[in-house]
Amino acid sequence: MAVIKKSPDEIEAMKRAGQLSAAVLREVGNRCVPGVTTLELDQFAENYIRSHGGTPTFKGYGGYPASICASVNEEIVHGIPSPNRVLKSGDIISIDTGATVGGWAGDNAWTYAVGKVRPEVKRLLDVTEECLWAGVSAARPGNRLGDIGHAVQTVAKRAGFGVVREYTGHGIGRNMHEDPNVPNFGFKHTGMKLEAGMVLAIEPMITMGTHKTRLLNDGWLVVTQDGKPAAHFEKTVAITEDGPVLVSVEPTRKRPI
Ligand code: MF3
Ligand code: CO
């Protein structure tokens, strides 16, 4: 398969999808408080996306049954929302939201602290966000795909954290998953050349302990093998001649570009 590059007009159109995905993510993040179930978050998100002119990209994708992924603590990605999963203080939760608007997909994720979390868990969130921005900053013409992964991995390794290898970021456009795969590890100056018009979802998945993962029997949920926490942040980014441009801006605390 080949990378489908986007024109400046198409990138503008993608911003509507990116912004809706990011807006619902921020709203869901505000609702990640003790006592809430992940199914309640999913229902809120589906209503929000539909009432703002979008459709939930994830629902029905490969048979996925919900509008968001909600992955708590040792759950890395693809947690299916459930009425039995009640958030409590000290949890962290990766919320992943996809919205399709005008035929374009937007895909974003953020990991939120519920109530008060332990300092080392807070550090995992801070470092994973830093990994995201390091990867985003490397998404520019003249670099190669390996530069993105290398940038992410360098930040994680320096902090002593693990980098998930089995799941990656991806190209995105009219389809949520397009070429290329965007690994969170790699070597400098290796891999596909990055060119203006490529749009990528960059999504570091970083673990406090082992990077090794396990896929659970529902066929979706991915957890750490050692049960230690993982964090996951994702942004949709367009590569332009002037460097990386965020297709969706929020949510962010430390946005460097
Ligand atoms: N945002 C996720 C990704 O990048 C996908 C969500 S789950 C799916 O892979 F069901 F939609 F695949
Ligand atoms: Co994604």
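The rules behind the values
- Residues numbered from 1 in each chain as written.
- Chains lettered and ligands numbered in written order.
- Predicted model: local features only at pLDDT ≥ 70, side-chain atom pairs only at ≥ 80, totals over all residues.
- Heavy atoms only, no water.
- Helix = DSSP H or I, 4+ residues; strand = E, 2+ residues; numbered from the N terminus.
- Rg over C-alpha atoms; globule rule 2.2 N^0.38 Å.
- Buried < 20%, exposed > 50% of the residue type's maximum accessible area, 1.4 Å probe, protein only.
- Contact = heavy atoms within 4.5 Å.
- Areas by Shrake-Rupley, 256 points an atom, 1.4 Å probe, with all protein chains shown as cover.
- Lys, Arg positive; Asp, Glu negative; His and termini not counted.
- Charge placed at Lys NZ, Arg CZ, Asp CG, Glu CD.
- Pairing = 2+ DSSP bridges.
- Axes fitted to C-alpha atoms, helices over the stretch in contact; angles between N-to-C directions.
- Donors = N, O, S within 2.8 Å, 3.2 Å for Na, K, Ca; no water.

(A) The overall build of the chain, seen in detail. The helix and strand inventory of the chain stands at 4 helices and 15 strands. Against the globule reference of 18 Å for 257 residues, the chain gives a C-alpha radius of gyration of 17 Å, in line with a compact fold. Residues counted as buried form 54% of the 257 residues belonging to the chain. Partitioning the intrachain contacts of the chain with sequence separation of at least 6 by distance along the chain shows that 71% fall at a separation of at least 24. Accessible surface, the chain: about 10600 Å² in total, of which carbon and sulfur atoms supply 52%. Across the chain, the 29 positively charged side chains and the 28 negatively charged ones have centroids separated by 5 Å.

(B) Region of interest: the pairing of strand S8 (residues 178-182). Pairing of strand S7 (residues 169-171) with S8, which is carried by 3 bridges, proceeds in the antiparallel orientation. Within the sheet, the bridge partner assigned to Gly169 lies in S8 and is Val182. Taken together, S7 and the strand that follows it, S8, pair antiparallel across an intervening segment of 6 residues.

(C) Inspection of the sheet that holds strand S15 (residues 243-246) at higher detail. With antiparallel pairing, 5 strands are arranged side by side in an open sheet as S8-S7-S9-S14-S15. Strands with a single pairing partner mark the edges of an open sheet, and in this sheet they are S8 and S15. On average, each strand axis in the sheet is tilted by 30° relative to the strand beside it, whichever way the strands run. Strands strand S9 (199-202), strand S14 (235-240) and S15 of the sheet are contacted by helix H3 (residues 119-137), whose axis makes an angle of about 125° with S15. Lying over the sheet, helix H4 (residues 145-158) contacts S8 and S9, oriented at roughly 40° with respect to S8.

(D) A look at the coordination of the cobalt ion (ligand 2). Around the cobalt ion (ligand 2), the protein supplies Asp107 (OD), His170 (NE2), Glu203 (OE) and Glu234 (OE) as donor atoms, at distances of 2.0 to 2.3 Å. Positions of the donor residues of the cobalt ion (ligand 2), expressed as sequence spacing, correspond to D-x62-H-x32-E-x30-E. Here His170, found in strand S7, pairs with Glu203, found in the loop between S9 and strand S10 (205-207); they are 33 residues apart in sequence, far enough to count as distant. Here His170 matches Glu203 in class, with each residue buried.

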